[in-house]
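What follows is the residue order along each chain.
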Amino acid sequence: MGNTDRVSSKTGIQAVIFDYGNVLSCPQTSSDLNAMAERCGMPIGQFHDSYWKFRPAYDRGELKGASFWTSVTAEVGKTPTPDEISELVSLDIRSWLHINQATIRWAGQLRRAGIRLALLSNMPFEIARYIEKDCAWVSYFDPLIFSCDLGSVKPELTVYKNCLARLNVLPDRLLFLDDRAENVAAATQLGIPGLVFDDMEKVSGEVQKLFDLPVLSEIEVSATRK
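Residues numbered from 1 in each chain as written. Predicted model: local features only at pLDDT ≥ 70, side-chain atom pairs only at ≥ 80, totals over all residues. Heavy atoms only, no water.

S.K.: Honestly, empty space enclosed by the protein in this entry has me stumped. Any pointers?
M.R.: By rolling a water-sized probe across the atoms, one finds the places where empty space is left. Throughout the structure, instances matching the rule amount to 1 cavity of 30 Å³ or more. Space inside the largest cavity adds up to approximately 30 Å³. In terms of lining residues, the largest cavity is bounded by Arg39, Cys40, Thr73, Lys78, Thr79, Pro80, Glu84 and Leu88. Elements supplying a minimum of two residues to the lining of the largest cavity: helix H1 (30–40) and helix H4 (82–95). Taken together, the residues of the lining of the largest cavity break down into 3 nonpolar, 2 polar and 3 charged. (1 Å grid on protein atoms, 1.4 Å probe; cavity = no way out; pocket = protein on both sides within 12 Å on 5 of 7 lines; lining within 4 Å. Points joined across faces, edges and corners; volume = space filled by probe spheres on them. Helix = DSSP H or I, 4+ residues; strand = E, 2+ residues; numbered from the N terminus. Nonpolar A, V, L, I, M, F, W, Y, C, P; charged D, E, K, R; others polar.)

Structure, rendered in C-alpha cells:
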C-alpha cells in the first residue's frame, strides 16, 4: 500500500480535561510547606502526614478552612485562633499558585486550535473560589469542575460523569491529564483516554505519538523554564 493510502492511527480529540495540582500548577515548594508547618507548630514530617490525612475531606467539601486547619493542628493538641486560620488558608492558597508555564502555554495553543478545555480538580472551596476569581488563565477552561462543589473526589466516578455531561463529548474523543495514575485509571473505566502527567516535554512526546493534537516544541517548552 502506498503512502497516500495510509490512514492516520492517531486518535482525534475534541476536548482535553486538565487536572490542576502538579499539572497546571507546579508542586508545592519546601518553603511553602515549611511556613505552614511552622505556623502549626509541627515538624515538617508530621505536618505532611496530618495535612494529607484531612485533605480528602477538605477537597470533598466536608471541611472548610477553619475545620480543616483545626483538625490538622489538633494532632499536636493545638487550637488555632481565627487569625492563625486565616493566615494558614492564605499560605495554603499561595502554595498552589506556582503555575506550570509550559502547561498553560500549551492550553492556550489548544484553545486557539479550537480544542475545548475543561478543568477537573480535587480542590477545597477556598482555593477553588480564589482561582475562579483571580487567575486570568482560567478563562481558557469551560467547564470548571471542583470536587468541593460536587461532594465527590477523584478517583470516584461521579466527578468524571459530571464532566462528561457538561462537555457533551463522546468519551473516546477526550483526553484526560492527571498526575495520579489512579485518577487516570478511573477515567479509562468510562472510556476516556488518559495520560499520567509528569513532565510537559515527556507528555508532549506521548501526545504527538497517540493523538491528533498540536503540541509544544522542545524549544517552546524550554523557553518557559527561563
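S.K.: Even after reading the chapter, I still don't get the packing of aromatic side chains, so can you show me in this structure?
M.R.: Within a pair of aromatic rings, the relevant descriptors are the distance that separates the centres and the angle that separates the planes. Within this structure, the stated rule accounts for 14 aromatic pairs. Note on Phe47 and Trp69: the rings are 6.2 Å apart at their centroids and 10° apart in plane angle, and the pair reads as stacked. One end of the pair, Phe47, is in helix H2 (residues 44–60); the other, Trp69, is in helix H3 (residues 65–74), with 22 residues separating them in the sequence. Here Tyr58 and Phe68 contribute two aromatic rings whose centre-to-centre distance is 4.3 Å and whose plane-to-plane angle is 10°, an arrangement assigned as stacked. (Phe/Tyr/Trp six-rings, centres within 6.5 Å; stacked < 30°, edge-to-face > 60°.)

S.K.: It is not clear to me how the side chain of Ser95 should be interpreted in this structure. Could you clarify?
M.R.: With respect to the helices, strands and loops of the structure, Ser95 is situated in helix H4. Residue Ser95 is classed as buried on the basis of its relative accessible area of 0%. Separated by 2.9 Å, the side chains of Ser95 and Gln28 make a polar contact. (Buried < 20%, exposed > 50% of the residue type's maximum accessible area, 1.4 Å probe, protein only. Polar contact = N/O pair within 3.5 Å; in protein donor to acceptor, adjacent residues only side chain to side chain.)

S.K.: Help me out: how do you make sense of the confidence of the model for the protein chain in this one?
M.R.: Interpretation of this model should avoid reading the predicted coordinates in detail wherever pLDDT is low. Across the protein chain, the average pLDDT comes to 94, with 92% of residues at 70 or higher. Overall, residues 1–6 carries pLDDT values under 50, and its contacts beyond four positions in sequence, including any with other chains, amount to 1 contact. (pLDDT = per-residue confidence, 0-100. Contact = heavy atoms within 4.5 Å.)

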